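Okay, here's what each chain looks like letter by letter:
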Amino acid sequence: MAELQLQHVYKKYGKDSLAVDNFNLHIQDKEFIVFVGPSGCGKSTTLRMIAGLESITEGELLINGDRANDLPSKDRDIAMVFQNYALYPHLTVYDNMAFGLQLRKVPKQEIDERVREAARILDLEPYLKRKPKALSGGQRQRVALGRAIVRNAQIFLMDEPLSNLDAKLRVQMRAEISKLHQRLQTTIIYVTHDQTEAMTMASRIVVMKDGKIQQIGSPMQVYNAP
Ligand code: ADP
Ligand code: ADP
């Protein structure tokens, strides 16, 4: 279960630049929310505040009804996938996925089960012993997804996860992420500047401009698309 509320959230960097300006949003459990809008409109900042990687200047963040403004990032039930979520080059695919769990002292057998399950879901089973440099771009991006999946988090934050991939792979990974959402039944908040990604993946689209929500609705409502 993962429900988020942002209430009158503001983010100020330095003295007077308002990156996020009175942001109000209630994200329901299992929604696939996509943030779109021009570069600099505050999408990443909002995501980073939800993740606890950036402080909230003013306003409230509630996760499952509880105030989370001051909850350390590591204690939030959140997994993240970024555009440049670098894999460790010297570690195998298996160890890249296992690493975060090892740090958290998850028992070895459970790590093994979770990594193998993620590899199965993502078609990475044949590659577990390879190093990242011996993988294609799409496979690497799947490993980055795998690292998020093994966390068993209820909330996924994805910041332009596909923008480094070529057009064909983007289409394929789009479908895979949608499938993953169906399968894991998690809440996803996804940032992109790609309108097609938003249209094909979102249950709701949030259009941002100058730190504010300009429009919010289904793909149909926002883009006249099904
Ligand atoms: P988007 O993700 O939509 O491109 P960002 O959230 O990255 O937008 O940025 C929103 C605004 O905040 C921009 O004006 C940007 O320059 C500014 N900003 C982002 N990060 C920082 C930072 N660490 N320090 C100062 N200003 C920042
Ligand atoms: P988390 O979601 O907590 O970051 P990870 O498995 O991704 O879990 O990473 C575990 C730890 O390793 C975290 O402290 C994270 O900051 C760090 N880490 C993750 N990826 C990298 C990386 N590519 N380079 C350096 N440190 C990393």
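Look up a bit, the structure's there.
Only a predicted model underlies this, so the values are computations on that prediction, with no experimental measurement involved.

It is worth spelling out the pattern of salt bridges at this point. Scanning the model with the defined rule gives 13 salt bridges in all. A salt bridge links Arg-114 to Glu-110; the shortest N-O distance between them is 2.6 Å. Taken together, the positions of Arg-114 and Glu-110, both in helix H3 (residues 108-121) and four residues apart, correspond to about one turn of that helix. You can call Arg-114 buried: its relative accessible area is 17%. Each member of the salt-bridge network shares a partner with another, and the members are Lys-11, Arg-48 and Glu-54.

Every residue lining ligand 1 is accounted for by Tyr-13, Ala-19, Pro-38, Ser-39, Gly-40, Cys-41, Gly-42, Lys-43, Ser-44 and Thr-45. Between Tyr-13 and ligand 1, the recorded distance is 3.4 Å, taken from a side-chain N or O atom to a nitrogen atom. Take Gly-40: an N or O atom from its main chain is 2.7 Å from an oxygen atom of ligand 1. Taken by itself ligand 1 offers 560 Å² of open surface, and the protein chains cover 55% of this. If you tally residues by element for the shell around ligand 1, the top one is helix H1 (residues 43-51), at three residues.

Pairing of strand S1 (residues 4-13) with strand S2 (residues 17-27), which is carried by seven bridges, proceeds in the antiparallel orientation. Across the sheet, residue Leu-4 finds its bridge partner in S2, namely Ile-27. The pairing of S1 with strand S4 (residues 58-63) spans five bridges and is antiparallel. What sits directly across from Leu-4, in S4, is Ile-63.

What follows covers the pairing of strand S7 (residues 155-159). Most of S7 sits inside the fold, with five of its five residues counted as buried. Side chains Ile-155, Leu-157 and Asp-159 project from S7 onto one buried face, and the interleaved Phe-156 and Met-158 project onto a second face that is buried too. Both strand S6 (residues 78-82) and S7 contribute to a ladder of five bridges, which runs parallel. In the sheet register, Val-81 faces S7, and the bridge partner there is Met-158. Of the strand pairs in this sheet, S7 and strand S8 (residues 187-191) are connected by five bridges, and their pairing is parallel.

Another aspect to go through is the nonpolar core. Of all hydrophobic cores here, the largest spans 45 residues; its most connected members are Met-97, Val-115, Leu-145, Met-158, Ile-177 and Tyr-190. Grouped together as the second largest cluster of nonpolar side chains are 27 residues, Ile-50, Ile-56, Met-80 and Ile-189 included.

Definitions and cut-offs
Residues numbered from 1 in each chain as written. Chains lettered and ligands numbered in written order. Predicted model: local features only at pLDDT ≥ 70, side-chain atom pairs only at ≥ 80, totals over all residues. Heavy atoms only, no water. Salt bridge = Lys/Arg side-chain N within 4 Å of Asp/Glu carboxyl O. Helix = DSSP H or I, 4+ residues; strand = E, 2+ residues; numbered from the N terminus. Buried < 20%, exposed > 50% of the residue type's maximum accessible area, 1.4 Å probe, protein only. Near = heavy atom within 4 Å. Polar contact = N/O pair within 3.5 Å; in protein donor to acceptor, adjacent residues only side chain to side chain. Areas by Shrake-Rupley, 256 points an atom, 1.4 Å probe, with all protein chains shown as cover. Pairing = 2+ DSSP bridges. Core = buried A, V, L, I, M, F, W, Y, C linked by side-chain atoms within 4.5 Å.

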